[in-house]
Amino acid sequence: MTKWRTLVLATIGFNFSFLIWFSFAPFTGPMAEEFGLSVTEIGILASAAIWLAPFGRILTGWLSDRWGAPTVFAIVLAYVGVFSMASAFAQSYSVFFVTRLIVATAGITFVIGIQHVSEWFDEEHLGTAEGIYAGVGNAGAAGGALILPRVFGEGWSGPLFESNWRAAFFYTGIVSILLAIVYYTIGEAAKSEQRRQATAESATLKQWLHTATRYGTVVLALAYVMSFGLELSMNGWLATYYREGFNTENLVLASTFAATFSVAAGLLRPFGGYVSDLLARKEKNILPVFTGRYREQWTFVSLCFIVLAMSGMTLAGLSGQVMLAVAAGFVVGMGCAFAEGAIFAQVPAMFPNSSGSVAGVVGGVGTVGGIVYPLVYAAPVMPSLHTGYSVVAATMIPIVLLCAWVFQPHVAERATEDGFVAASAGSTVAGEPSDD
């Protein structure tokens, strides 16, 4: 039963981390009014929410292998809570910006939970377990979009704060600190001491460099740019898009429209992991060109789906029909969910003894999309707010082509051994199965 408790604990921790990470998104209107921000500056704020995530995820993935997930998860939740509370009292935009930049590192908890769950579940069920963890966790963004504007509405009047967004940041900070205490108290790092020791011993800088440069790691990291990076960008941007692109002045309504994307991207993610597990167990080919590489086939299909869905997002927006654009956003969320579930079914299956380190690289590099894509959506050179989605779709095509090369059977079978940096003498194979 401990493995299920671990899954629940990690999922709750990540769900709330996602909520606090994007807790600013429903309040961009009031914050813009108070600090005098333009739409482009709001886009920069949405991008800034991702700036520290790449390095943070890479570091905490390795630290989770080294120290164990409960300790690292608790540390992150604790300091995020403190700075969230501090941001509620910021009187200048510069102070506010810096404190929220630190709060945004809540997103690095993703790789900590991935590592934690992988230490408890067997390979044949990893995709489903990781999909549940990440899917329900990612839905925290939808929870923030749906719950926070209702609890802390525009007419908020309560103790300590007059501004609704300040109250939201303060009280979510308190919850984060409480969760840190719970995680550290009841979390267990691995299902056995042998498993914990094997993972800790693999967490050397030399081994990290080896695993970080394998073809499998690199291609999954880039695939995560166009799936999870895309999800991050949409979570921080869509409320503004539906408000500004369709003249929807109602804050709650715009946030609700945006939440439909987050619901799809979060709650459908377990399906992506489940399909990957199912194809692997049944050894079923759905793309003959990658015969025998069952997980890779599903990942490739999902990535192609994202490119098509993003092109559809532009067409729906140009139609001028807001509900059509909301539906298109839901479809994009589906594509993100399927691809993310597929990718993180592959990570621990390929690298069982270094899942935290590889998850850190994949998750860290993947967040780059969340930094760059909002800047494209809000770029002044765009003819309208609707055209940025098709531009982003075009940039994804080279990544899909690279995946097509690495997923070929003769390349994929050595993707954990061969890489962009030659392996040094004596390096262990990161994908070598563990003894337990």
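About the criteria used
Residues numbered from 1 in each chain as written. Predicted model: local features only at pLDDT ≥ 70, side-chain atom pairs only at ≥ 80, totals over all residues. Heavy atoms only, no water. Core = buried A, V, L, I, M, F, W, Y, C linked by side-chain atoms within 4.5 Å. Buried < 20%, exposed > 50% of the residue type's maximum accessible area, 1.4 Å probe, protein only. Helix = DSSP H or I, 4+ residues; strand = E, 2+ residues; numbered from the N terminus. Contact = heavy atoms within 4.5 Å. pLDDT = per-residue confidence, 0-100. Expected span 1.5 Å × (residues − 1). Phe/Tyr/Trp six-rings, centres within 6.5 Å; stacked < 30°, edge-to-face > 60°. Lys NZ or Arg CZ within 6 Å of the ring centre and 35° of its normal. Axes fitted to C-alpha atoms, helices over the stretch in contact; angles between N-to-C directions. Parallel < 35°, antiparallel > 145°, perpendicular 65-115°, else oblique. Left-handed = near helix turned anticlockwise from the far one by under 90°. Nonpolar A, V, L, I, M, F, W, Y, C, P; charged D, E, K, R; others polar. Disulfide = S-S within 2.5 Å. Polar contact = N/O pair within 3.5 Å; in protein donor to acceptor, adjacent residues only side chain to side chain. Salt bridge = Lys/Arg side-chain N within 4 Å of Asp/Glu carboxyl O.

Q: Please explain the nonpolar core as it appears in this structure.
A: Most often, soluble globular proteins have nonpolar side chains that are buried together. Judged by nonpolar contacts, the single largest core of 128 residues is most densely connected at W21, L230, M234, Y242 and M310. It is helix 18 (residues 322-350) that contributes the most residues to this core, 10 residues altogether. Non-local contacts of M310, meaning those with residues more than four positions away in its chain, are made with L230, M234, V332, Y377, Y389, S390, V392, A393 and M396.

Q: What exactly am I supposed to notice about the confidence of the model for the protein chain here?
A: Caution applies to low-pLDDT parts of the model: their predicted coordinates are not meant to be read in detail. Chain-level pLDDT for the protein chain is 88 on average; 95% of the residues reach the 70-or-more range. Overall, residues 428-436 carries pLDDT values under 50, and its contacts beyond four positions in sequence, including any with other chains, amount to 27 contacts.

Q: Help me out: how do you make sense of helix 16 (residues 269-282) in this one?
A: Because each turn of an α-helix spans 3.6 residues, side chains separated by three or four positions in sequence point in the same direction. Compared with an ideal rise of 1.5 Å per residue, which puts 14 residues at 20 Å, helix 16 spans 20 Å between its outermost C-alpha atoms and is within 8% of the ideal. All buried positions along helix 16 are accounted for by R269, P270, G272, G273, V275, S276, D277 and L279. Trailing helix 16 by a residue or two, E283 shows a phi angle of about 50°, which is positive.

Q: Looking at this structure, how should I read the packing of aromatic side chains?
A: According to the stated counting rule, one finds 44 aromatic pairs in the structure shown. Both rings, one in Y241 and one in Y389, keep their centres 5.2 Å apart while their planes meet at 85°; by these two values the pair is edge-to-face. Residue Y241 is found in helix 14 (residues 228-245), and its partner Y389 is found in helix 21 (residues 388-406); the two are separated by 148 residues along the sequence. Through a chain of ring-to-ring contacts, three or more aromatic side chains come together here, namely F14, F18, W21, F22, F24, F110, Y133, Y224, F228 and F344. Lying across the ring of F169, R100 places its NZ or CZ 3.8 Å from the centre.

Q: I'm lost on the packing of helix 1 (residues 2-21) against helix 5 (residues 69-87) in this one. Help?
A: The description of two packed helices rests on the angle between their axes and on the distance between the axes. At a minimum axis distance of 12 Å, the contact between helix 1 and helix 5 shows a crossing angle of 30°. Considering the angle they form, helix 1 stands roughly parallel to helix 5. Helix-helix and strand crossings are classified by hand; for helix 1 and helix 5 the assignment is left-handed. Facing helix 1, whose interface residues are A10, G13, F14, S17 and I20, helix 5 presents F73, L77, V80 and S84. Of the residues contributing to the contact of helix 1 with helix 5, the split by class is 6 nonpolar, 3 polar and no charged.

Q: Sorry, what's going on with unusual backbone geometry here?
A: Most peptide bonds adopt trans geometry, and most residues besides glycine take a negative phi value. At E283, a position not held by glycine, the phi torsion is positive, near 50°. Mapped onto the elements, E283 comes out in the loop between helix 16 and helix 17 (294-318).

Q: Would you explain the environment of T211 in this entry?
A: Relative to the helices and strands, T211 is located in helix 12 (residues 205-212). The class for T211 is buried, based on a relative accessible area of 2%. Remark: the alpha-carbon pair of T211 and S355, spanning 144 residues in sequence, is separated by 9.8 Å.

Q: Honestly, the side chain of S87 in this entry has me stumped. Any pointers?
A: Secondary-structure assignment places S87 in helix 5. In contact with S87, other than residues within four places in its own chain, are F96, T99, R100, W165, R166 and F169.

Q: Looking at this structure, how should I read the packing of helix 17 against helix 21?
A: Their axes nearest at 8 Å, the elements helix 17 and helix 21 cross at an angle of 165°. With respect to each other, helix 17 and helix 21 are oriented roughly antiparallel. Between helix 17 and helix 21 lies a crossing of left-handed hand. Residues F300, L303, C304, I306, V307, M310, S311, M313 and T314 of helix 17 lie in contact with helix 21, whose contacting residues are Y389, S390, V392, A393, M396, I397, V400, C403 and A404.

Q: Would you mind showing me how to read the state of the cysteines here?
A: Disulfide: a covalent bond connecting the sulfur atoms of a pair of cysteines. Scanning the entire structure with this criterion turns up 0 disulfides. Left without a disulfide partner, C304 is nearest to the cysteine sulfur of C403, which lies 8.9 Å away. Of all cysteine sulfurs in the structure, the one in C304 sits closest to C336, which takes part in no disulfide; the separation is 14 Å. A residue is classified by how much of its surface remains accessible, and C336, at 0% relative accessible area, is buried.

Q: Got a minute to help me understand the side chain of R196 in this structure?
A: Of note, R196 is situated in helix 11 (residues 193-202). There is a polar contact of 2.4 Å between the side chain of R196 and the backbone oxygen of D65. Aside from chain neighbours lying at most four places away, what touches R196 is S64, D65, R66, W67, G68, Q115, E119, A189 and A190.

Q: What is the right way to look at the pattern of salt bridges in this model?
A: Charged atoms that come close allow side chains of opposite charge to pair. By the definition in use, this model includes 10 salt bridges. Here R195 makes a salt bridge to E119, at a shortest N to O gap of 3.3 Å. Of the two residues, R195 sits in helix 11 while E119 sits in the loop between helix 7 (109-118) and helix 8 (126-138), which places them 76 residues apart along the sequence. Between R293 and E296 there is a salt bridge, with the nearest N and O atoms lying 3.0 Å from each other. Relative accessible area serves as the criterion here: at 22%, R293 is assigned to the partly exposed category. Salt bridges sharing common partners tie together R414, E417 and D418.

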